[in-house]
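Here is how the chains run, residue by residue.
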Amino acid sequence: MKADMTKTLAERAKESAVYLYGKGVLRPEIGIILGSGLNDFADRIKNPLVISYNDVPYMEAGMVSDHRGQIVYGEYKGKKIIIFAGRFHYYESGDMQKASYPARVMVALGIKRFIITNAAGCVNTAWNAGDLMLIRDHINLSGSNPLIGPNLDEYGPRFPDMTYTYDRDLREKLKAAAANEGIMLREGVYAMFSGPSFETPAEIIFARTIGADAAGMSTVPEAIVANHAGREIIGISLLSNMAAGVLDQPLTAEEVNEAGRQAKETFARVVDLAIEI
Ligand code: HPA
């Protein structure tokens, strides 16, 4: 798809949204971004409308690190859901606007609730690999921000408040719903590093010292954009591995994917609850 980059970011996002609308993506209420190893969740939507990123104006599928690169839309649990399976990581382009573009499109589609998921390293030494964590707050260590550049006044103010980025009421409801089903759901602070190299042990000690419980390479760009537009956000991390230096062993991407496979059912149940509450 030819991209006219002379258009403003807001115009581009609108055009992407209008394209999706034309394909039958009608008034989705909930938008889900799936993290590494967690794409299988998209298969839960029955009779979905599947659209390749390649076909959407201004979405560059080549930027997606896993192969999926699909938008999956349909009814699930009585709600209209749109899923972005395959993420534009910041480390792929060094461009925060690209990293947050799906969130922009979701805002343009009128999505009210964002469920943003990721795999992350577990920084909190009292917790375990395989645990799920609800994001209470984040620390942006990427060195950048998706709102840099002219402010899009139609989205939100120049200096958006970040005090309640991860919706408080929804967190309380989700914790109660998980506890009710005997699911252990941690709650903590997510620190975003740019990647793609994993953190050093010293960086993880730093992250822990400044209050982080998890370290990862995503989520923050999308959360900042959704929050700028005043949308509800639920953030869920699968703590796929103990972060660097916690155990005396190297980290591998394979370990991250394996944790995704193992925690798949519980992860899916927590996302279900995040849709239901
Ligand atoms: N660090 C950063 N990102 C990650 C990790 C990690 O340890 N595990 C999964 N994603």
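What comes next concerns the included structure.

Relative to each other, helix α5 (residues 168-180) and helix α9 (residues 264-276) sit at 130°, their axes nearing to 10 Å. Between α5 and α9, the angle falls in the class oblique. Seen from above, α5 lies across α9 with right-handed handedness. The residues of α9 that touch α5, namely those facing L174, A177 and A178, are V270, L273 and A274. Residue composition of the contact of α5 with α9, grouped by class: 6 nonpolar, no polar and no charged.

Our focus in this paragraph is empty space enclosed by the protein. Taken as a whole and judged by the stated rule, the model has 1 cavity of 30 Å³ or more. When its volume is computed, the largest cavity comes out at roughly 30 Å³. Lining the largest cavity are I33, Y53, F84, G86, R87, F88, A99, P102 and E222. Grouping the constituent residues of the lining of the largest cavity by class yields 6 nonpolar, 1 polar and 2 charged.

Reading guide: rules and limits
- Numbering of residues begins from 1 in every chain and follows the order in which that chain's sequence is written.
- Selection of residues for local features in this predicted model requires a pLDDT of at least 70, selection of side-chain atom pairs for listing and counting requires 80 or more, and totals for whole chains, interfaces and linings are taken over all residues.
- To get the side-chain values, all heavy atoms of the structure are used, and hydrogens and water are removed first.
- All axes are obtained by fitting lines to C-alpha atoms, using only the stretch in contact for helices, and the reported angles, taken between N-to-C directions, cover 0 to 180 degrees.
- What counts as a helix is a DSSP run of H or I of at least four residues, what counts as a strand is a run of E of at least two, and both are numbered from the N terminus.
- Working rule for angles: under 35 degrees goes down as roughly parallel, over 145 as roughly antiparallel, 65 to 115 as roughly perpendicular, anything else as oblique.
- Put simply, a crossing is left-handed when the front helix is turned counterclockwise from the back one by less than a right angle, and right-handed when it is turned clockwise.
- Contacts were defined at the residue level, with two residues in contact if any of their heavy atoms lie within 4.5 Å.
- Each residue is assigned to one of three groups, with Ala, Val, Leu, Ile, Met, Phe, Trp, Tyr, Cys and Pro labelled nonpolar, Asp, Glu, Lys and Arg labelled charged, and all others, Gly among them, labelled polar.
- In this analysis the probe radius is 1.4 Å and the grid spacing 1 Å, with only protein atoms considered; a cavity is a set of points the probe fits into but cannot get out of, a pocket is an open set with protein on both sides within 12 Å along at least five of seven lines, and lining residues have an atom within 4 Å of a point.
- Grid points are joined across faces, edges and corners, and a volume is the space filled by probe spheres set on the points.

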